[in-house]
Amino acid sequence: QVQLAESGGGRVQAGGSLRLSCAASGRTISTYAMAWFRQAPGKEREFVATISRGGSSTVYPDSVKGRFTISRDNAQNTLYLQMNALKPEDTAVYYCAAREALTIPPTRRSYDYWGQGTQVTVSS
């Protein structure tokens, strides 16, 4: 069983950047597809990005495409989310997730393990 812990959240002005990290323990992440989701107040948890086990494939929704980049360093057992050109609507708790499979679907129920979340607040 892998355990996940997010960090790097905070408050930033619109147009700014943040980099989130997800540190894994208990298992190496090289055997997992990984993803980021977010949940804003009053909203359902939303897909943000996913990456295949080797990092060769990524998927983004239109809402973040071109602004966010998911990456992984399997040697460091860490997943990253680089967020640029942030907007107030990006404000949410961001969650790291892992999936013990080859495919990288954008659905919450497809992922088996979750971190506790880190708050991102974007002010206007």
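In short, a report on the structure. (Residues numbered from 1 in each chain as written. Predicted model: local features only at pLDDT ≥ 70, side-chain atom pairs only at ≥ 80, totals over all residues. Heavy atoms only, no water.)

Considering the nonpolar core
A general feature of soluble globular proteins is that nonpolar side chains tend to end up buried together. Basically, it comes down to this: The nonpolar core is taken to be a set of buried Ala, Val, Leu, Ile, Met, Phe, Trp, Tyr and Cys residues, with the residues joined through side-chain atoms within 4.5 Å. The cut-offs for exposure are 20% and 50% of the maximum accessible area for each residue type, with area from a 1.4 Å probe on protein chains only; residues under the lower value are buried, those over the upper are exposed, and the others partly exposed. Put simply, DSSP H or I for four residues or longer makes a helix, DSSP E for two residues or longer makes a strand, and each gets a number counted from the N terminus. Residues are treated as being in contact if the distance between any of their heavy atoms lies within 4.5 Å.
Counting residues in each nonpolar core, the largest one holds 29 residues, and the members touching the most others are Leu4, Met34, Trp36, Leu81, Met83 and Tyr94. For this core, the secondary-structure elements that each account for two or more residues are strand E3 (18-25), strand E4 (33-39), strand E5 (46-51), strand E7 (68-73), strand E8 (78-83), strand E9 (92-99) and strand E11 (118-123). With near-sequence residues (within four places) excluded, Met34 lies in contact with Leu4, Ile29, Ala49, Thr50, Ile51, Ile70, Arg72, Leu79, Cys96, Ala97, Ala98 and Tyr111.

Thoughts on unusual backbone geometry
Within the chain, Asn77 stands out as a residue other than glycine whose phi angle is a positive 60°. Along the chain, Asn77 turns up in the loop between E7 and E8. For Asn77, a relative accessible area of 14% corresponds to the buried category. At Ala85, a residue that is not glycine, the phi angle is positive and equals roughly 50°.

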